[in-house]
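# Remarks on the overall topology
Chain by chain, the residues run as shown.
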Amino acid sequence: MTDNRNASQNPALRLYSVFTLIADIIGLLLKFTLEVIYSFMKLFVKTELKDVSGEVVLITGAGHGIGRELAIQYTDLGCEVVCLDINEAGNAETVEMANALRQGRAYAFTCDVTDRDQVLAVANRIRVQVGHVSVIVNNAGIMPSRPLWEQQHQEIRKVFDVNVMAHFWIFEAFLPHMIEKNRGHLVSISSVVGLIGAANLVPYCASKFAVRGMMEALFEELREHKIPIKLTIVYPYMVDTGLCKSPKMRFPKAMALLTPKAAAASIIEAHRQGLLEATIPRYIGYLNRFFRNYPVNCQLMVKDFFDSGVGTSDLQ
């Protein structure tokens, strides 16, 4: 009897399922279209920047280059800035420059971010001396530039220790406290070569692609668990920090090296806008997405036309 009743209901249930699916598809298409229009309109409307004064911002690799400029600019915005670097003298100089602005306040902590035990230990000191870290900028990085067959295994391992594994140790040390307080923002610096492969930078490219994958996966993980921690992944073009020893470019005026000051300003703007991804300059991201839709040989033609990249160097 029950089986007969269920059988008689099956056609109606099937019809209901079909209508539900159609409604879901229509809803998806409407929301998708509205989001495309909204995102397009945002390109022409200046987004209001979040007030970050009072935030406790931790920056790795703060002893020079982009990290130093980030520390100075965040301090100028009224943040409490925690500067991490293995170079004690360079880090102290950064803190002195930042504190001379008399806006926020900067603190120096010497730490080898590739050493998990050091990172966990310094995290405890930071919580006691400064307080809860609410923003993390994983900036530390190294970039040996030689063909893969000329790179030593110790050098390749070091690239991944600094450029990738350090992110994991920093997140292990600070992310649980962000989750506990239900707020925080994670910023990781990848690279344009985390989007596009480049000669003489195989380990570096691989490490920056890894950062991209890690952050995209972490974004999905936090979203699935409804944890309101924000993420920003930044892909800068070549920056004049000393890492890029032998840059090459066909159009030096149009594709000149970024200054650390300009790169830092763009990173902070992306953070304050709440962007998930940002390329510096922005047009490189648009070009990459556009040309990825074309055959590989077409993409290679465009790369050869611009002829931009990094030559070999003796950088260790």
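Residues numbered from 1 in each chain as written. Predicted model: local features only at pLDDT ≥ 70, side-chain atom pairs only at ≥ 80, totals over all residues. Heavy atoms only, no water.

### Remarks on the confidence of the model for the protein chain
Worth spelling out the cut-off: A residue's pLDDT is the predictor's confidence in that residue, given on a scale from 0 to 100. By definition, any uninterrupted DSSP run of H or I lasting at least four residues is a helix, any uninterrupted run of E lasting at least two residues is a strand, and each is numbered from the N terminus.
Taken as a whole, the protein chain shows an average pLDDT of 89; of its residues, 95% reach a score of 70 or greater. The weakest mean pLDDT in the protein chain belongs to strand β7 (residues 247–248) at 74; the strongest belongs to strand β4 (residues 135–138) at 98.

### Focus on the sheet that holds strand β2 (residues 80–85)
Applied cut-off: Note on pairing: DSSP must find at least two bridges between two strands before they are called paired. Every axis in this analysis is a line fitted to C-alpha atoms, fitted for helices over the stretch in contact. Angles between the N-to-C directions lie between 0 and 180 degrees. Residues are treated as being in contact if the distance between any of their heavy atoms lies within 4.5 Å.
Strand order in the open sheet formed by seven strands is β3-β2-β1-β4-β5-β6-β8, with parallel pairing between adjacent strands. Each end of this open sheet is capped by a strand with a single partner; those strands are β3 (105–110) and β8 (277–280). Within the sheet, the average angular offset between the axes of one strand and its neighbour, ignoring direction, is 15°. Helix α3 (residues 88–99) rests against β2 and β3 of the sheet, and its axis sits at about 175° to β3.

### Some details on the layout of surface pockets
To be explicit about the condition: Note on definitions: the grid is 1 Å and covers protein atoms alone; a cavity is a set of points where a 1.4 Å probe fits but cannot get out; a pocket is an open set with protein on both sides within 12 Å along at least five of seven lines; lining residues have an atom within 4 Å of a point. Grid points are joined across faces, edges and corners, and a volume is the space filled by probe spheres set on the points. Think of it as three bins: nonpolar holds Ala, Val, Leu, Ile, Met, Phe, Trp, Tyr, Cys and Pro, charged holds Asp, Glu, Lys and Arg, and polar takes everything else, Gly as well.
Each pocket or cavity is described by its volume, and for the second largest pocket that value is around 800 Å³. Surrounding the second largest pocket, 24 residues form its lining, Leu43, Leu275, Glu277, Arg282 and Tyr286 being those nearest its centre. Of all elements in the fold, only α1 (2–42), α7 (260–273), β8 and α8 (282–291) reach the threshold of two or more residues within the lining of the second largest pocket. Looking at the lining of the second largest pocket element by element, the count peaks at five residues for α1. Here the residues of the lining of the second largest pocket are counted per class, giving ten nonpolar, seven polar and seven charged.

### Topic: the state of the cysteines
What counts here: Throughout, a disulfide means two cysteine sulfur atoms within 2.5 Å of one another. Partly exposed residues are those whose accessible area sits between 20% and 50% of the maximum for their type, while under 20% is buried and over 50% is exposed, using a 1.4 Å probe and protein chains only.
Across all of its chains, the model carries zero disulfides by this definition. No disulfide involves Cys111; its sulfur sits 13 Å from the nearest other cysteine sulfur, which is in Cys83. Looking at Cys111, the relative accessible area reads 2%, which means it is buried.

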